[in-house]
Amino acid sequence: MSAALGLLRSESYEAIRAEGREPDILVVSKLQPLRSHTGSAEGGIAASLGNIEHDDWHWHLYDTIKGGDWLVDQDMAAILAEEAPRTVIGLEHDGVAFSRNEDGTIAQRLFGGHTARFGEQPVHRTAYAADRIGHQILHSLWQQCVKEGVQFAEEWYVSDLVVSRGESGAAKVLGLVVLDTHSGKVHGVHADNVVLATGGAGRLFHTTSNSWDLTGDGMALALEAGLQLEDIEFVQFHPTGLAHTGILLSEAARGEGGRLLNADGEHFMDRYAPGHGDLAARDVVSRSIMAEVDAGRGVADPKDPDGPRDCVWLDLRALGRDTLRSKLPEVYETVRQYAGLDPAEDLVPIKPTAHYTMGGIPIGADGNVYEWSDGVRHGVEGLFAAGECSCVSVHGANRLGANSLLDACLFGTRTGRSLAARIAEAQDVDEAAYQTVDEAAARREHVIKTLLAGATQDAGDAGRDDADADEDNAYRLMADLGALMEQAAAVRCSHDTLAAARDAIERDLLPRAERLTAHSDTAAFNQEVTAIMEARHLLTVAQAMLAAADARHESRGALFRTDCPSRDDEHFLAHSMVAENHEVLWQPVTITDYPPKARAY
Ligand SMILES: Cc1cc2nc3c(=O)[nH]c(=O)nc-3n(C[C@H](O)[C@H](O)[C@H](O)COP(=O)(O)OP(=O)(O)OC[C@H]3O[C@@H](n4cnc5c(N)ncnc54)[C@H](O)[C@@H]3O)c2cc1C
């Protein structure tokens with residue numbers, strides 16, 4: 001939506017309109033767009049507005065690079081930090097109801113990793129709207145798009161990205177294939193320009209703070225179209241996800257005095273991070289929890305007492321009911337409603353929860369997707385990406401809180417502008433090329449018919465002895481993949497865990513995914529058809545993620561390899577670029593002003 005608005009409001013678009021041209025702009029979403037995950041962001045959006053105390057975008061730049069463990073492209077992070085204040089003020093003009101200071105300026109709060117004077121002390125940099133910043137941004141952008149007359153295709157599922165290759169090998173986008181889930185009809189969408197803005201891939205892991213629609217579709221579409229993903233091995237985990245659900249329990253729970261205990265009742269963080277205890281950095285706490293679980297000192301979720309002992313306790317009992325209610329109302333209610341426990345009396349089971357994918361579809365400063373080969377970038381004509389599915393490389397190996405809404409809005413808007421400039425110069429359209437899109441749509445239609453036909457066959461084939469296959473379905477497959485990924489790659493991994501997971505996917509999950517069919521043959525609103533495509537997309541992304549993690553023989557940022565525990569700048573100060581065939585190439589990191597420093601863990 002930021003890209004659509006950036007396009008419509010650009011100078012180039014004025015020129016296009018002056019020529020009497022009116023390009024069609026269509027925003028496609030597999031959800032009603034206001035249900036997108038952006039709406040659940042609570043904390044805020046970072047910008048060195050300096051409304052509370054003096055701030056400087058260079059400090060924001062430095063924090064972003066350091067937070068990313070030096071895997072950040074510094075020229076891109078400079079754009080992020082320098083243009084952040086303008087982006088936030090632009091959002092304000094679009095109607096985002098930011099919280100205010102007494103003098104009417106936008107209020108700002110402290111956030112982990114955001115500092116003044118290059119790490120000296122915390123700084124109030126994060127603009128917020130109570131604890132609903134994402135909801136505010138999503139609704140404001142939507143309203144602006146509606147006002148500008150942008151067309152929306154709601155609950156259309158994009159199943160294919162159609163890319164052609166010229167004789168030189170140069171890639172060019174031709175359009176999309178979509179499934180209109182309302183009717184079950186497949187359409188080919190001819191498009192000279194496509195922006196992928198499909199969000200993250202949290203559902204790769206069983207325990208995730210992401211909504212369950214985040215199945216990495218855009219990333220898989222790019223891979224399947226022969227393109228690469230950048231730094232996809234880096235996934236940020238938040239240490240305190242409520243067991244079973246993965247819902248975030250705010251860091252404030254520990255800030256107010258909550259303590260983490262293992263199965264023996266030991267306050268183990270004192271052992272891992274003396275002096276910091278429960279309030280050590282997020283990745284340190286997440287790794288410590290996993291180390292306790294791996295050592296057999298985990299606890300089972302009380303909802304599933306015979307299940308795996310893969311949680312630890314968050315003990316909030318000493319705080320007392322009054323404090324819990326007044327200082328941690330969200331935590332208090334979440335635990336009561338979703339775990340059925342009373343945090344004033346009961347221990348709360350928690351485990352690290354998958355929160356953010358740092359890597360994604362590689363893009364340059366104006367959103368253009370590129371391929372990396374022979375040591376250079378080759379742009380894909382007409383293809384753009386923005387938001388969490390993309391990687392402009394501002395988050396490196398670990399993202400700073402409040403930088404991702406900024407990334408999505410800022411680079412999204414830039415993408416729209418560069419798109420407008422491209423349309424302004426557009427040459428004649430090659431109608432014949434669109435036939436390729438129609439052919440892809442016909443193939444997809446056939447696949448979907450087969451999925452639906454499977455349902456009829458199953459129904460008429462009650463005597464099959466293959467009962468297990470009958471029971472299989474996309475939801476079960478996604479749950480099994482989530483458990484496998486959690487085992488192999490959540491918070492920590494090693495060559496052995498990665499290789500075992502790759503093997504299990506190839507031997508078990510991929511063949512199962514191929515065999516899946518729907519259980520009802522109704523084409524309209526058949527959510528199982530979408531789920532089957534999502535499960536297949538997740539498998540594609542999972543394999544790329546495991547391959548990239550396996551190729552990086554070091555630990556950096558959010559990636560911790562137990563068999564290679566140190567950072568290795570000599571060999572791996574580089575972006576991984578992984579393709580669908582799992583070949584991994586390395587692209588140098590752009591370092592301008594800040595040479596890498598050792599990380600203080
Ligand atoms: C609980 C939580 C709290 C967070 N808090 C913060 C915070 O305080 N500050 C911050 O900066 N960041 C925060 N983040 C991260 C941030 O919210 C996200 O990175 C960002 O909102 C992603 O925006 P997006 O537009 O890329 O994707 P999304 O908002 O997820 O939107 C993706 C869109 O793509 C569509 N889509 C996907 N696949 C398909 C397909 N195949 N066909 C058609 N449409 C498709 C979806 O329907 C959806 O409309 C938080 C994230 C979570 C999960």
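Reading guide: rules and limits
- Residues numbered from 1 in each chain as written.
- Predicted model: local features only at pLDDT ≥ 70, side-chain atom pairs only at ≥ 80, totals over all residues.
- Heavy atoms only, no water.
- Helix = DSSP H or I, 4+ residues; strand = E, 2+ residues; numbered from the N terminus.
- Buried < 20%, exposed > 50% of the residue type's maximum accessible area, 1.4 Å probe, protein only.
- Core = buried A, V, L, I, M, F, W, Y, C linked by side-chain atoms within 4.5 Å.
- Contact = heavy atoms within 4.5 Å.
- Pairing = 2+ DSSP bridges.
- Axes fitted to C-alpha atoms, helices over the stretch in contact; angles between N-to-C directions.

**What about unusual backbone geometry?**
Item 1. Here the phi dihedral of R117 falls at roughly 50 degrees; this positive angle occurs in a residue that is not glycine.
Item 2. Locating R117 in the fold gives a position in the loop between β4 (115-116) and β5 (121-122).
Item 3. Classification of R117 by relative accessible area gives partly exposed; the value is 38%.
Item 4. The phi torsion at A402 lies on the positive side, around 75 degrees, for a residue other than glycine.

**Describing the nonpolar core**
Item 1. Core analysis: the largest hydrophobic core is formed by 130 residues, its most contacted members being I45, L161 and F205.
Item 2. The element that contributes the greatest number of residues to this core is helix α17 (residues 527-551), accounting for 15 residues.
Item 3. In this structure L161 touches V173, G175, L176, V194, L196, L221, A222, A225 and L383, once residues within four positions along its chain are discounted.
Item 4. Core analysis: the next-biggest nonpolar cluster, separate from the first, contains 25 residues, V284, V335, L341 and V348 among them.

**Description of the sheet that holds strand β15 (residues 312-315)**
Item 1. On the basis of which strands lie adjacent, the open sheet formed by 4 strands has the order β13-β16-β15-β14 and antiparallel pairing. At either end of the open sheet lies a strand with only one pairing partner, and these are β13 (235-242) and β14 (259-261). Direction aside, neighbouring strands of the sheet carry axes that sit 45 degrees apart on average.
Item 2. When β15 meets strand β16 (residues 348-357), the two strands line up antiparallel, connected through 3 bridges. From the neighbouring strand, V312 faces β16, where its bridge partner is I350.

**Remarks on the environment of V369**
Item 1. Relative to the helices and strands, V369 resides in strand β18 (residues 368-373).
Item 2. When its relative accessible area of 1% is taken as the criterion, V369 is described as buried.
Item 3. Linking V369 and L383, residues 14 residues apart in sequence, is a C-alpha distance of 5.7 Å.
Item 4. Setting aside residues no more than four positions away along its own chain, V369 makes contact with L227, I361, P362, I363, H378, G379, V380, L383, F384 and A385.

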